[in-house]
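Coordinates in review
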Amino acid sequence: MRSWDDGKGDRKESLRRLRQALSQSRSDLWRGWKVYRRSLLAVAGLIMVIFVTTISIFADEIAVEHPYRNLQDTEDEWVIDWEPRMKEPRSEECDWHEQKIITNTRSKYFLEEVVAESHNKVGEDNRYYKDTLSVIRIIKIEDSKGYDLNSSLLYIDPANSSILILTPELYNNSTLNLGVWVTYEFNNEAMHHSWLPDGYDVCIFGTTDTGQDLFSKVLYGSRVSLKIGFTVATLTVTIGTIVGSISGYYGGRVDEVIMRFCDIFFAVPGLILAMAFVAALGSVMSLTIPVWFGVLVPILFLVTVTQSYLLSTVLDGDRISDRTMNIVMQYRGPLLSLLCFFFFVGLLPAPAWPEFFGISESLGWRLGAALGIIVVIGAITLADRKFIQNWDFEGASERLADSFDWTNPLRYLSIRTLAIFVAIVVLFRFSNGSGDEIVLIKDFDRLWKIQAALIITGWPGYARLIRGQVLYVKEMNFVEAARSVGAPPGRIMFRHILPNAWAPLLVAFTLDIGGTILSASGLSFIGLGANPGTAEWGILVSESRDDFLYHPHLMLYPGLAIAATVLGFNLLGDGIRDVADPKNRR
Amino acid sequence: MKLHEFVVRRLLLLIPVIVGVVIFTFSVAHLIPADPAATQCGDKCGIIIDYTDDGEPITAYQANRERLGMNEGVDVQFKKYVTRLFEGDWGESETYNRPVLDVVKDAAPITLEMSFFALMIAYPVGITLGILSAVRQDKMFDHVMRFFGIAFVSLPIFWFAMMLQLYFATGSAMGGVCDPIFGTDGGCFPVYGRHDTGFTYPEDGFVWFFPEGGTGFHLVDSWFVSDAKLSTMPDEWNTRWLLFKDTLLHLALPCIALGVSSAGSLLRYMRASLLEVLHEDYVRTARAKGLAESRVIMVHACRNALVPIVTILGFSIGGAIGGAVLTETIFAFNGMGRVAVTSITSIDYTVIMGVTLVTSIIFLLSNLIVDITYAIIDPRVRLE
């Protein structure tokens, strides 16, 4: 049996290696940056990406109003402003207000005074109301036929700036139902950007067709787009890497099946495929998975991955005897079935427990789950011990303490145990305790649907890319050498192949964020993406379609925002490619 | 491997993919939440229309389910779907009130024409700019072109299309920069549509629409379609030319919008490919022989640099068909993309299946042609 002191040399060695790796990666990064900054375009791309990200983070501070929208995103504390300040719709000036005053001498409502009121606003009780505006000056008066009238026919009440008074001339000469259009400038301090220099303090992008500040909408749109971009790119990269490396490494029939499956995805043009998936996901209201699936699959996956990672890091060669390796291999099957057994015994009958103990359903469920988890964790921890040492009860507590000591090289086993524990806890955190199902995404709204559709359509591309990389690296001499020494597949994968395949992955990831933003806004544009009324760039452009020829600013700014963001990510990806793959740079 | 062996092998590889696509479209259509039996009868679903032999009432809804074969198992439905697919019975569309095959047949040429024309614009532009950029490597022109290469790829198609409409379809009176140059009122190019709704024939004031029939490719049809009215025209060929010009003008803006991202990526690929070739030995040999630089580039380098560009064509076609969804929506072309959008928003699942199947078959076939072309140009591919 190994004692704690035996591991001293190993611990020192592993710390030394860690330090070396850190300093190595730091100098690699520095060298990469020195190459990167040589390209003006790449630096410009980086700046654009940082700019957009910053703006989206500080949107609450920069924006003058919160977009009136229904994103249903409870994660972010976006204040839904029930009082969208309505200005003149589709105007590029926010301080101008146009209002029709109907003068009717016979009406009992006819007065010499007219109150300057805002457009309809939506109150907290969802009813419309109007605000009184304090008028600065009257710009134009025209009659119902569009002829300009003398602007001295109407003047602002010196005592109250929100009251316009008709001169007797206009008052007496007005015929039945004469409509007069008054355009006046009013004091709209709420809409001014205080952070802009004097003279620019107006709402700079104009207003939308509902009279909201377009600039704020575009700002908040960056949040939606970046969120979609990062989520989709991360998940597609993860799935694609897993599938692609399996396919590339094992080859043969596995590879054939996976690649033929991917071919089906490549056979349909991307946007149409994504549209079909958005439609197919239409009835999914919340993303739930059965409990047994949701807990068992991640556990099995973690067990397999960490086991191969474990074999690749600690358990090589001279440190652990071959006999132990054999035990690991020998006990893998029984241990997994043990895990399944405890799981089913512990968790699945749980709904039946309340009658048994006479306690409330949710409490019984949670109690059963907790007991089951404890049993499973205990079983795995004990099993882990079994991997390393022959099992006996003497000194079990010290060994358990050892396994949580981070300087102990054998700690990776505990990492696995912890990972399983964390997985279960996370899954139960998401579960709303209803019993049979774990709720992954409670409100699977349309934003989630386009993200899901883009993930489903996106991963085969990565799988193919990674497969190619793995095939390419696999043929290299160092992989051959590692295999001839007898390194297990996990070690070869994690230590030799993937570190040499990360560069194209990073490039593809960066480019994919841009591509995802483009496709997501395209889907929103044709009405299959985010909800109408959302502050999303594609939606904003599509909402302007009715009369963009007369009000081009409505589509100009959101479109420019999309183009600039995507351009930034593309330039960034290109720059990273130049650094990572100098052969390509010319 | 001989060429014909390669072609046969490639065709055989196509079969599992097409089978997969058929299964895929079928399963996607069955995942879609709508109940076609309920949508067909609408609010009359509860009406009893018949009785069984046992005296049980049959509602309209049940009859619809029976007629659509929804009471059978999924495997039976799939078998029926496949046999009908081969018999040419693709079902009836709810929104168009026509057989799906007819809808698709009418729509496909429009998208194909648009994609083809878009690539016809994108390829010369992209390749020329790529060559110029590579020849002037690291000069100002090269930097500008590299920027434009990325910028073109980054443009959202729908926004770019609307910008084109804004600036090239409206005259200066409406804020556009474009004054009428082709005689179309209000701007250089028509704002949307596949044709003007009708144009007046100059001499007798006869209002004339595009003739029915023909292949559906109006650029071709405008010259070859036979039409009774057209043949009685005093100068038939002038009218045909007007038709052709009308089609072309309407195609120009959508195709520029559609082709711009292809042009951008082509520019970048061509540049990289040519730069790679320029470092090859045979280019050095050609220069050493004392050939003129233009001849070295155009004859020795470009011909070899163009070979890998052929493979990009496959991606471009896919991108163009996908992008047609957006341009067709904006420019009001009733092509596959618009049909796809309409069918998906109105959940018309027979049309969704048909459109997905047809677009993927078009895409697969064009990729097949590209692969075979590549194998002809570069025989090394066949060895793999």
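Residues numbered from 1 in each chain as written. Chains lettered and ligands numbered in written order. Predicted model: local features only at pLDDT ≥ 70, side-chain atom pairs only at ≥ 80, totals over all residues.

With that settled, consider the overall build of chain B. Looking only at helices and strands, chain B features 14 helices and four strands. Counted over contacts in chain B with a minimum sequence separation of 6, partners at least 24 positions apart contribute 65%. (Helix = DSSP H or I, 4+ residues; strand = E, 2+ residues; numbered from the N terminus. Contact = placed C-beta atoms within 7 Å.)

Attention now moves to the overall build of chain A. Secondary structure summary: chain A contains 19 helices and ten strands in total. Taken across its 586 residues, chain A has 35% of its residues classed as buried. Counting only contacts in chain A whose residues sit at least 6 apart along the sequence, the fraction spanning at least 24 positions is 73%. (Buried ≥ 20, exposed ≤ 12 C-beta atoms within 10 Å, placed from the backbone.)

What follows covers helix α4 (residues 74-87) of chain B. Residue and element names in this part refer to chain B. When the terminal C-alpha atoms of α4 are compared, their 20 Å separation across 14 residues agrees well with the 20 Å that a helix rising 1.5 Å per residue should span. The buried count for α4 comes to one of 14 residues, which makes it a mostly uncovered element. Immediately downstream of α4, the backbone of G88 shows phi near 85°, a positive value. (Expected span 1.5 Å × (residues − 1).)

Another point: unusual backbone geometry. Residue and element names in this part refer to chain B. With a phi close to 65°, D138 is a non-glycine residue in the positive phi region. Tracing the chain through its elements places D138 in the loop between α5 (100-135) and α6 (140-154). Overall, the presence of 9 C-beta atoms within 10 Å leaves D138 in the exposed class. The backbone of A332 sits at a positive phi, close to 55°, despite the residue not being glycine. Structurally, A332 is set in the loop between α12 (293-331) and α13 (336-345). Its 13 C-beta neighbours within 10 Å are what place A332 among the partly exposed residues.

Taken together, the contact pairs 45 residues of chain B with 38 residues of chain A. Broken down by element, the side of chain B that touches chain A gets its largest block of residues, seven residues, from helix α1 (residues 3-31) of chain B. Per-class residue counts for the side of chain B that touches chain A are 32 nonpolar, twelve polar and one charged. (Nonpolar A, V, L, I, M, F, W, Y, C, P; charged D, E, K, R; others polar.)

A few words on the packing of α1(B) against helix α14 (residues 349-377) of chain B. Residues and elements named next belong to chain B. Put simply, α1 and α14 touch, their axes get as near as 10 Å, and they point 165° apart. Relative to α14, the element α1 is oriented roughly antiparallel. Here α1 and α14 pass one another in a crossing that is right-handed. When α1 is examined against α14, the residues L3, F6, V7, R10, L14, V17, I18, V21, V22, T25, F26 and A29 are found in contact with a partner set consisting of Y349, I352, M353, T356, L357, S360, L364, L368, D371, I372, A375 and I376. Among the residues making up the contact of α1 with α14, the classes are represented as 19 nonpolar, three polar and two charged. (Axes fitted to C-alpha atoms, helices over the stretch in contact; angles between N-to-C directions. Parallel < 35°, antiparallel > 145°, perpendicular 65-115°, else oblique. Left-handed = near helix turned anticlockwise from the far one by under 90°.)

Residues and elements named next belong to chain B. Pairing geometry for strand β1 (residues 48-51) and strand β2 (residues 57-59), over three bridges, is antiparallel. Looking at β2, one finds that D50 is bridged to I58. Counted along the chain from β1 to the antiparallel partner β2, the turn is five residues long, and its residue G55 has a positive phi close to 90°. (Pairing = 2+ DSSP bridges.)

Tracing the backbone shows B:L278 in helix α10 (residues 236-278). When neighbours within four sequence positions are excluded, B:L278 is seen to be in contact with B:A134, B:V283 and B:A301.

All names here are of chain B. Interhelical geometry of α5 versus α6 gives an angle of 140° and a closest axis separation of 8 Å. Judged by the inter-axis angle, α5 sits oblique to α6. Pair α5 / α6 crosses with left-handed handedness. Only F141, D142, M145 and R146 of α6 make contact with α5, whose side of the interface consists of L129, L132 and S133. Here the contact of α5 with α6 is composed, by residue class, of four nonpolar, one polar and two charged.

Here the focus is the pairing of strand β7 (residues 163-166) of chain A. Residues and elements named next belong to chain A. Of the two faces of β7, only the one carrying L164 and L166 is buried; I163 and I165 on the other face are not. Alignment of strand β2 (residues 113-115) against β7, held across three bridges, turns out to be antiparallel. Bridge assignment links V114 to a residue of β7, and that residue is L164. Across three bridges, the pairing between strand β6 (residues 154-156) and β7 is antiparallel. Its bridge partner lying in β7, I156 is registered against L164.

Residue and element names in this part refer to chain B. Summarising the model, chain B shows a mean pLDDT of 82, and 89% of its residues fall at 70 or more. Of the regions scoring below 50 in pLDDT, residues 180-184 engages in ten contacts with residues more than four places distant in sequence or in other chains. The ipTM value of the predicted complex is 0.87, and its pTM value is 0.76. (pLDDT = per-residue confidence, 0-100.)

This brings us to α10(B). Relative to the 63 Å expected for 43 residues at 1.5 Å per residue, α10(B) spans just 52 Å between its end C-alpha atoms, considerably shorter than the ideal helical length. Approximately 40° is the largest bend angle found in α10(B), and it occurs at B:G259. (Bend = angle between axes of the 7 residues up to and from the residue.)

As a further point, take the sheet that holds β6(A). All names here are of chain A. In space, the three strands of this open sheet follow the order β2-β7-β6, with antiparallel pairing throughout. Sheet topology places β2 and β6 at the edges, where each strand pairs with a single neighbour. Each strand axis lies, on average, 30° off the axis of its neighbour in the sheet, ignoring direction.

Quick look at the environment of A:V237 now. Position of A:V237 among the secondary structure elements: in helix α5 (residues 214-250). Sequence separation of A:V237 and A:G559 is 322 residues, and the distance between their C-alpha atoms is 27 Å.

Atomic detail in the predicted coordinates should be set aside for any region of low pLDDT. All names here are of chain A. Across chain A, the average pLDDT comes to 71, with 55% of residues at or above 70. The spread of mean pLDDT over the elements of chain A runs between helix α10 (residues 353-357), the lowest at 46, and helix α2 (residues 40-57), the highest at 92. Note that pLDDT drops below 50 for residues 312-322; the model gives that stretch 14 contacts with residues more than four away or on any other chain.

Turning next to the environment of B:I312. Residues and elements named next belong to chain B. Within the element layout of this structure, I312 appears in helix α12. Judged by the 20 C-beta atoms lying within 10 Å of it, I312 is buried. When the C-alpha positions of I312 and A60 are compared, they lie 52 Å apart, and in sequence the two are 252 residues distant. In this structure I312 touches S265, L266 and Y269, once residues within four positions along its chain are discounted.

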